[in-house]
Amino acid sequence: MTTSTQSKANRALRSRPMRILLATASAALVLLAGAAPVQASHGGDANSGPPDNTTHYLERFNLTRAASGATTHGLGQLDRSVMDATYADGPETDVLIYDAYYGRTGSWQGIAGRTNCQEDEWWWDGDCDVYRLRYNLSYAASYGIDSWRSLACHELGHTAGLGHRSAPSDTDNNSCMRNKIDSSRPRFDAHDISAINATF
Amino acid sequence: MTEHDDAPPDPVPSRRGPSRRLVALVAAGAVALAAAGVTSWALWPDAVDDPYPDVPEGVYHAADVRAFDDLAVMTASSALVVKGTAVEIRPGAEVVYDDGSEAAVTDREVVVDVDKVVYDRYGIGAPETVVVVEGYWENGIGYTREGMPWTEVGQSGYFYLTAPPPDVLATETYAYIHEAGRVLIGSGSAVSIPGHWQEEGPWTAVDHVNGGAPAFETAIQSAADAAAAGEAVPELISVCVPSDPAVEDSAPLCWEE
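Parameters and conventions
- Residues numbered from 1 in each chain as written.
- Chains lettered and ligands numbered in written order.
- Predicted model: local features only at pLDDT ≥ 70, side-chain atom pairs only at ≥ 80, totals over all residues.
- Axes fitted to C-alpha atoms, helices over the stretch in contact; angles between N-to-C directions.
- Helix = DSSP H or I, 4+ residues; strand = E, 2+ residues; numbered from the N terminus.
- Parallel < 35°, antiparallel > 145°, perpendicular 65-115°, else oblique.
- Left-handed = near helix turned anticlockwise from the far one by under 90°.
- Contact = placed C-beta atoms within 7 Å.
- Nonpolar A, V, L, I, M, F, W, Y, C, P; charged D, E, K, R; others polar.
- Core = buried A, V, L, I, M, F, W, Y, C linked by C-beta atoms within 7 Å.
- Buried ≥ 20, exposed ≤ 12 C-beta atoms within 10 Å, placed from the backbone.
- Pairing = 2+ DSSP bridges.
- Arc of directions from axis to C-beta.

A. Molecular detail of the packing of helix α3 (residues 65–78) of chain A against helix α5 (residues 145–159) of chain A. Residues and elements named next belong to chain A. Orientation of α3 relative to α5, taken along the N-to-C sense of each, is 55°, at an axis distance of 8 Å. As summarised for this structure, α3 and α5 are arranged oblique, according to the angle between their axes. Considering the relative orientation of α3 and α5, their crossing is right-handed. Taking contact as the criterion, the partners of A66, A70, T71, H73, G74, L75, Q77 and L78 in α3 are, on α5, W148, R149, L151, A152, C153 and L156. A breakdown of the residues in the contact of α3 with α5 according to their chemical character gives 9 nonpolar, 4 polar and 1 charged.

Shown next as structure tokens:
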């Protein structure tokens, strides 16, 4: 087994659905064997692939007004593509959105926003079921409205499966998916939209 | 009475092995133990797995506050630029995010044995080692920035490090000023830099095709000389805290550093 295969298998085995499946099966065996009952777990997965479908439920966790407004802008950008993004809370949420003053040291140094996959669908093709998105107010609190919009567009773009764009791949300099947040780039460009649509 | 009952006792100990009942009991016990182990692993993976695995399984995407087109500016903006070798990887500070997620994140620290201080913005001096935060662990999973493999013990190169100014916030750990701020030099003078460094950023001016590591080292020293001479100005960024620490949505107090 290669390292890559091992890693994939390990990820698959770590995933919450797999653990729940194993837990259910093994808990039944334990009960049959007279062992003590067990309790539920909380965990996350690590893969960072495209979303599992075009339905995109976003949930905001006590966001500041600026973050909330920018997220609405990002939601609108997603809706320019095949994505069907809307706000909704509950178990079907696809994107969990947080903000905080995460600081300017350690892994947050120089980082205005961060996105990762919280739960992937290992049993299908590794697509992401639930993303986690964070805005770092330690930097973003100084942003004007268009920089905020650029940040939200950028992070929500990752939840639609987009990667980063470099300057040579964004010659008209109008994609929010560039590495650096810039007020002049608050939207997806046509290439970004096409890339999202091509995923499905 | 059966024919079997009439048979005389066996004069020698049986060689048939353990009884079916014993085999069944042992099997049941093994199944129970295995099931208990799987249950424990499935429900409490952190208690079973290494909480700080050596290999990252997770990737996070990050939006940068900075971007550098000029190596001298990246140098001047750094608190410290060192040449060194990674000698230890260890878990650092753990933080529980107060954002509604209650996520507990542990910094992954790389201890770098310093061979040479290339640039020292704040007059920190010449440390024997520096500690660099590179990635993090959460819930037994290691996370690395997209396109930035974790540094391993034994790898050498140049590290462009930053931290808040010592007079503002003393910290014993550094972070890369940018993803292009880690230049690992491997065998055969192979150079490894994260991100789209061949397409954009401070390294595009270096002849990476023909020059190899010597070309990078020449450029690094030249940029350090320019920064030390004041020919390159540090790029400042705005940082903020809430005016009311208890109210996240209170007006921010921001400044440049």
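B. Geometry of the nonpolar core. Counting 52 residues, the largest nonpolar core has A112(A), L137(A), A140(A), W148(A) and L151(A) as its most contacted members. Residues within four places of L137(A) in sequence aside, it is in contact with T64(A), D99(A), A100(A), Y101(A) and C240(B). Core analysis: the next-biggest nonpolar cluster, separate from the first, contains 42 residues, V73(B), Y158(B), Y176(B) and A180(B) among them.

C. Here's a closer look at the pairing of strand β7 (residues 173–176) of chain B. Residue and element names in this part refer to chain B. Relative to β7, strand β4 (residues 129–138) is paired through 3 bridges, and the arrangement is parallel. Residue pairing across strands places V131 opposite T173, the latter belonging to β7. For strand β6 (residues 156–162) and β7, the ladder comprises 2 bridges, and the chain directions are antiparallel. Bridged to T162 within β7 is A175.

D. Representation of helix α6 (residues 190–199) of chain A within the structure. All names here are of chain A. For α6, the complete set of buried residues consists of D192, A195 and I196. Down the axis of α6, the smallest arc covering the buried residues is 95°, so these residues share one side. Facing away from the buried side of α6 by more than 90 degrees, the exposed set consists of A190, S194 and A198. Turning to α6, the residues buried within the fold contact α5.

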